Amino acid sequence: MITKLEIDALAEKYETVDFIKDDPVRVPHRFNDIKDIELAGFIASLVAYGRRDVFIKKLNQLFEIAHNEPYNFIMNFEPKILGDFNYRFGKPDDFAQIFNILKNLYEKDGGLEELFKYGYENSENMFIPVTDYFYSRAKDKEALGFKFMIPDANKGSAMKRMCMFLRWMVRKGPVDFGIWDFMPASDLLIPLDTHVARLSREMGLLTRNANDFKSVLEITENLRKFDPVDPIKYDFALFGYGINN
């Protein structure tokens, strides 16, 4: 297993402002208002899959459509604004479904912070109430793009992009914003994809074969042994380990 000295060194090396320019977190870093930041971060997390240069280009296109005003864009959203905007599995109707649900969330139920706070305080898996909110309001919950961008937490998904978004909102640091305070950084979970899973196995942090929510919990628990207060700072270490190896 990787040592605390090694993993701490990697985390310190890669958690810098230089990390921002090549990461989807660059999108919410354009903004200063809290609602703009959280909505830009959530929207960026929806399409943060595939090649980075491709999805960053698509996000730039989407935020041009939004006139770089994500909160106003959502609060005044009409599907026709999107035109034929799409990204891989996500078709215009899929984005329209999600954006209309976000509009409803901010008009009637407080916003993303209130939704995630409710999930954190009322469920062992905080993402289940979050995805239940979206699925209960979706007109076509079986649409491939909708299911891919908003995976159903009830089905054991690793919830990689939501874990990443939550890291941005809760942690404080040169990369993360730390604008939500309803939960401590110690309760954050590792954003798990195939790349992180492979590296975690190499580092001795993961024994399971499946890349699911149980694996997220296993890796996170092992990372807490290195730092119980801020275990997900090691997301940067995993990134750095991948580059170094």
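A. Broad picture of the overall build of the protein. A count of helices and strands for the protein gives twelve helices and zero strands. Element order for the protein, N to C, with α for helix and β for strand: α-α-α-α-α-α-α-α-α-α-α-α. Expected size for 245 residues packed as a compact globule is a radius of gyration near 18 Å; at 17 Å, the protein falls within 12% of this value. Buried positions account for 55% of the 245 residues belonging to the protein. For the protein, the accessible surface area stands at approximately 11,400 Å², while carbon and sulfur atoms represent 49% of it. The centroid of the 33 positive side-chain charges in the protein is displaced by 4 Å from the centroid of its 38 negative side-chain charges.

B. Examining the nonpolar core more closely. Residues Phe99, Phe116, Phe127 and Phe134 are the most contacted members of the largest nonpolar core, which totals 92 residues. Those residues within four positions of phenylalanine 127 in sequence are excluded, and the remaining contacts are Phe116, Ala153, Met159, Met162, Cys163, Leu166, Leu189 and Phe213.

C. Expanded view of the packing of helix H10 (residues 194-202) against helix H12 (residues 234-244). Contact geometry for H10 and H12: axes closest at 10 Å, N-to-C directions at 80 degrees. Judged by the angle between their axes, H10 and H12 are roughly perpendicular. Residue-level contacts link His195, Val196, Leu199, Ser200 and Glu202 of H10 to Leu238, Tyr241 and Gly242 of H12. Residues that form the contact of H10 with H12 fall into these classes: four nonpolar, three polar and one charged.

D. Representation of the packing of aromatic side chains. Inspection of every chain in the model, using the stated rule, returns 26 aromatic pairs. Between phenylalanine 77 and phenylalanine 99, the ring centres sit 5.5 Å apart and the planes meet at 80 degrees, which makes this aromatic pair edge-to-face. Here phenylalanine 77, found in the loop between helix H4 (70-75) and helix H5 (92-108), pairs with phenylalanine 99, found in helix H5; they are 22 residues apart in sequence, far enough to count as distant. Take phenylalanine 77 and phenylalanine 99: they sit in the same class, and that class is buried. Seen in terms of ring centroids, tyrosine 133 and phenylalanine 134 are 6.1 Å apart; in terms of plane orientation they differ by 75 degrees. Their pairing is edge-to-face. For the residue pair tyrosine 133 and phenylalanine 134, the accessibility class agrees, reading buried in each case. Taken together through their ring pairs, the aromatic side chains of Phe42, Phe116, Tyr120, Phe127, Tyr133, Phe134, Phe165, Trp180, Phe182 and Phe213 make up a single cluster. The side chain of lysine 35 reaches across the aromatic face of tyrosine 71, ending 6.0 Å from its centre. Across the ring face of tyrosine 133, the terminal group of arginine 137 is positioned such that the distance to the ring centre comes to 3.6 Å.

E. Seen up close, the layout of surface pockets. For the largest pocket, the calculated volume is near 840 Å³. Every residue lining the largest pocket is counted, 39 residues in all, and those nearest its centre are Ala48, Lys160, Arg161, Leu192 and Asp193. Within the residue set of the lining of the largest pocket, elements represented by two or more residues are helix H2 (34-46), helix H3 (52-65), helix H8 (144-149), helix H9 (160-170), H10 and H12. For the lining of the largest pocket, the element with the most residues is H9, which contributes five residues.

F. Structural context of the pattern of salt bridges. Scanning all chains against the criterion turns up 15 salt bridges. When the shortest N-O distance is used, the salt bridge between aspartate 23 and arginine 52 registers 3.3 Å. A residue pair is termed long-range when its members are at least 10 positions apart, and aspartate 23 in the loop between helix H1 (4-14) and H2 and arginine 52 in helix H3 qualify at 29 residues. Aspartate 23 sits in the buried class, given a relative accessible area of 5%. Overall, arginine 52 belongs to the partly exposed group, its relative accessible area being 35%. Residues arginine 171 and aspartate 176 are paired through a salt bridge, measuring 2.6 Å at the closest nitrogen-oxygen approach. We classify arginine 171 as buried; its relative accessible area is 3%. A relative accessible area of 3% places aspartate 176 in the buried class.

G. The arrangement of H1 in detail. Among the residues making up H1, those that are buried are Ile7, Leu10, Ala11 and Tyr14. One side of H1 holds all its buried residues, which, seen down the axis, span an arc of 100 degrees. H1 presents Leu5, Glu12 and Lys13 as exposed residues on the side facing more than 90 degrees away from its buried surface. Check the buried side of H1 and you find it contacts helix H11 (213-226) and H12.

Cut-off values and rules
- Residues numbered from 1 in each chain as written.
- Predicted model: local features only at pLDDT ≥ 70, side-chain atom pairs only at ≥ 80, totals over all residues.
- Heavy atoms only, no water.
- Helix = DSSP H or I, 4+ residues; strand = E, 2+ residues; numbered from the N terminus.
- Rg over C-alpha atoms; globule rule 2.2 N^0.38 Å.
- Buried < 20%, exposed > 50% of the residue type's maximum accessible area, 1.4 Å probe, protein only.
- Areas by Shrake-Rupley, 256 points an atom, 1.4 Å probe, with all protein chains shown as cover.
- Lys, Arg positive; Asp, Glu negative; His and termini not counted.
- Charge placed at Lys NZ, Arg CZ, Asp CG, Glu CD.
- Core = buried A, V, L, I, M, F, W, Y, C linked by side-chain atoms within 4.5 Å.
- Contact = heavy atoms within 4.5 Å.
- Axes fitted to C-alpha atoms, helices over the stretch in contact; angles between N-to-C directions.
- Parallel < 35°, antiparallel > 145°, perpendicular 65-115°, else oblique.
- Nonpolar A, V, L, I, M, F, W, Y, C, P; charged D, E, K, R; others polar.
- Phe/Tyr/Trp six-rings, centres within 6.5 Å; stacked < 30°, edge-to-face > 60°.
- Lys NZ or Arg CZ within 6 Å of the ring centre and 35° of its normal.
- 1 Å grid on protein atoms, 1.4 Å probe; cavity = no way out; pocket = protein on both sides within 12 Å on 5 of 7 lines; lining within 4 Å.
- Points joined across faces, edges and corners; volume = space filled by probe spheres on them.
- Salt bridge = Lys/Arg side-chain N within 4 Å of Asp/Glu carboxyl O.
- Arc of directions from axis to C-beta.

None of the figures reported here should be taken as evidence of function without further support.
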